[in-house]
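Listed here are the chains, written in short residue letters.
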Amino acid sequence: MSVPLLKIGVVLSTMAMITNWMSQTLPSLVGLNTTKLTAAQGGYPDRSIGVLPANPEESWQVYSSAQDSEGRCVCTVVAPQQTMCSRDARTKQLRQLLEKVQNMTQSIQVLDQRTQRDLQYVVKMEDQLRGLETKFKQVEENHKQNIAKQYKTVAFISIDGDEGCQIRLPPEPQRDFVFPIIPLYPARRHLSSSVTYFQAIKAKMAELRPLIPVLEEYKADARLVQQFKEEVQNLTSSLSLLQQEMGAYDYDDLHSRVVNLEERLRACMQKLACGKLTGISDAITIKTSGSRFGSWMTDPLAPEGDTRVWYMDGYHNNRFVREYKSMADFMASDNFTSHRLPHPWSGTGQVVYNGSIYFNKFQSNMIIKFDFKTSTISRSQRLDNAGYSNTYHYAWGGHSDIDLMVDESGLWAVYATNQNAGNIVISKLHPMTLLILQSWTTNHPRRSAGESFMICGTLYVTNGYSGGTKVYYAYQTNSSTYEYIDIVLQNKYSHISMLDYNPRDRALYAWNNGHQVLYNVTLFHVIRSEQL
């Protein structure tokens, strides 16, 4: 009996675990976290969504950063409606739930097969036990009847030693029969053996009787497993219907939604590329080389995979530009290709843009576009009324009268004129013709600025070039307005002579006292829902 009991114990234990799992895990799965599945009228599933926060913001709030400390792009977007992406998430959760329920169904089917097989064995064993019990009861009853009958027939037995006995009938008038002596010892031994056998059987039956209620409980648990199986099948059917309902809706509208989403994403990415400067990271030193003044940069419009670095040491009387194959080569070695410009440059406001370098010709207000591929001047143009030769330079000097820069919208020139009383003038230049497309005049003195850079059409100006430095003035060309801000700029090596923004890298390139450093920037932008 130990083997059947062991099998029953294992099955009951397994069923207990299944019951516990279904009572604890299945409700949370069916709940889909904030989504409840209930049966609507007609047998179709209904979706009851949890209450969302009231009055959500109507605008997208976007925080973005060029790179983290490991070089990964960081961008955080706070959507106006929390339900915009929840439907896809619920669909994914529903698909995962359906897979889990299907896996659970398979497990219960396997358990059900094992249970049915063991149940057949138990039912058969139960029938045998009940039949055996009935049979032994009948045998025991017959045995008692035979003994009673025997004592009714035999009056008395006179035992004469161990070899035999003499049986006498009741005396009758005038008759006295004496039976011959019959050997009785074998019969007595046989009677004793039968009594012992029946007692052993009765003991076994006493052991088996407690097993019968266990078998009844096992049969009830087997019916419970069957009930679980039916409930899971019903749940699977309900989920399948719900998935078909949602899937059919998604499929019919999928193409138009994808096309619309792609268009919105393109527009969103254009807007996400721009934003208001809200933070600047600590300086990241890339290399230590060159003199106290100089400039270095990468091309924001370079093809994918082109990470060449351009390097220009000094601020005047130099015309050699170094080309490094990659940022890694620039950091690890001095292997470079040298390009000789037709004229020396002035200041540190050069910029490489779409394969050409734009620079201010020394001792003039001439802007030159030099094509690296053909090694020729492709365009030159005077910047009318712009001061030069240390007339309206940055606070640190260095013939920095004209500063060329690029941002997400194109090429810019920052300088000062007599007509604007030496205050900063911002001009948008055509990258092919170098003609001024539009100009803005500001009230900020050019000589009081430590350095400046453009991000998304806004000019940001630092309060100095040495010691404690911060970005404190911003002029927005899209609204022709300005504001004073307070953003710390770590001046790690105490003298900044070049500071330019690269829109592709979302980073500031700086030349800091013979050190080439980078700063990651954090931008903030609010995109109105009607803009998407």
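None of these values were measured; they are calculated from a predicted model.

1. What to know about the sheet that holds strand E17 (residues 403-407)
Link 1 in the chain: On the basis of which strands lie adjacent, the open sheet formed by four strands has the order E17-E18-E19-E20 and antiparallel pairing. Single-partner strands in this sheet number two, and they are E17 and strand E20 (436-445). Adjacent strand axes in the sheet meet at a mean angle of 25° when their direction is disregarded.
Link 2 in the chain: As paired elements, E17 and strand E18 (residues 410-416) share five bridges and run antiparallel to each other. Considered in E18, the bridge of aspartate 403 is made with valine 414.

2. Concerning the pattern of salt bridges
Link 1 in the chain: Taken as a whole, this structure holds six salt bridges when the rule is applied.
Link 2 in the chain: Of the charged contacts, one joins glutamate 323 and arginine 308 as a salt bridge, the two residues approaching to 3.3 Å between their closest N and O atoms. Here arginine 308 lies in the loop between strand E9 (294-297) and strand E10 (309-313) and glutamate 323 lies in strand E11 (residues 320-324), a separation of 15 residues in the sequence.
Link 3 in the chain: Residue glutamate 323 is classed as buried on the basis of its relative accessible area, which comes to 13%.
Link 4 in the chain: Accessibility expressed as a relative area gives 28% for arginine 308, which makes it partly exposed.
Link 5 in the chain: The residue aspartate 486 makes a salt bridge to lysine 470 at a minimum N-O spacing of 3.6 Å. Placement of aspartate 486 in strand E24 (residues 481-489) and of lysine 470 in strand E23 (residues 469-476) is noted, with a sequence separation of 16 residues between them.
Link 6 in the chain: The class of lysine 470 is partly exposed, set by a relative accessible area of 29%.
Link 7 in the chain: Among the charged side chains, a network of salt bridges with common partners joins Asp306, Arg308 and Glu323.

3. Points about the side chain of aspartate 407
Link 1 in the chain: By secondary structure assignment, the location of aspartate 407 is in strand E17.
Link 2 in the chain: It is lysine 428 that comes nearest to the buried, bridge-free aspartate 407 among opposite-charge side chains, at 5.9 Å.
Link 3 in the chain: One polar contact links aspartate 407 to tryptophan 412, side chain to side chain, over a distance of 2.8 Å.
Link 4 in the chain: For aspartate 407, the residues in contact, after removing those within four places along its chain, are Trp412, Met454, Ile455, Cys456, Gly457, Tyr501 and Pro503.

Parameters and conventions
Residues numbered from 1 in each chain as written. Predicted model: local features only at pLDDT ≥ 70, side-chain atom pairs only at ≥ 80, totals over all residues. Heavy atoms only, no water. Pairing = 2+ DSSP bridges. Helix = DSSP H or I, 4+ residues; strand = E, 2+ residues; numbered from the N terminus. Axes fitted to C-alpha atoms, helices over the stretch in contact; angles between N-to-C directions. Salt bridge = Lys/Arg side-chain N within 4 Å of Asp/Glu carboxyl O. Buried < 20%, exposed > 50% of the residue type's maximum accessible area, 1.4 Å probe, protein only. Lys, Arg positive; Asp, Glu negative; His and termini not counted. Polar contact = N/O pair within 3.5 Å; in protein donor to acceptor, adjacent residues only side chain to side chain. Contact = heavy atoms within 4.5 Å.

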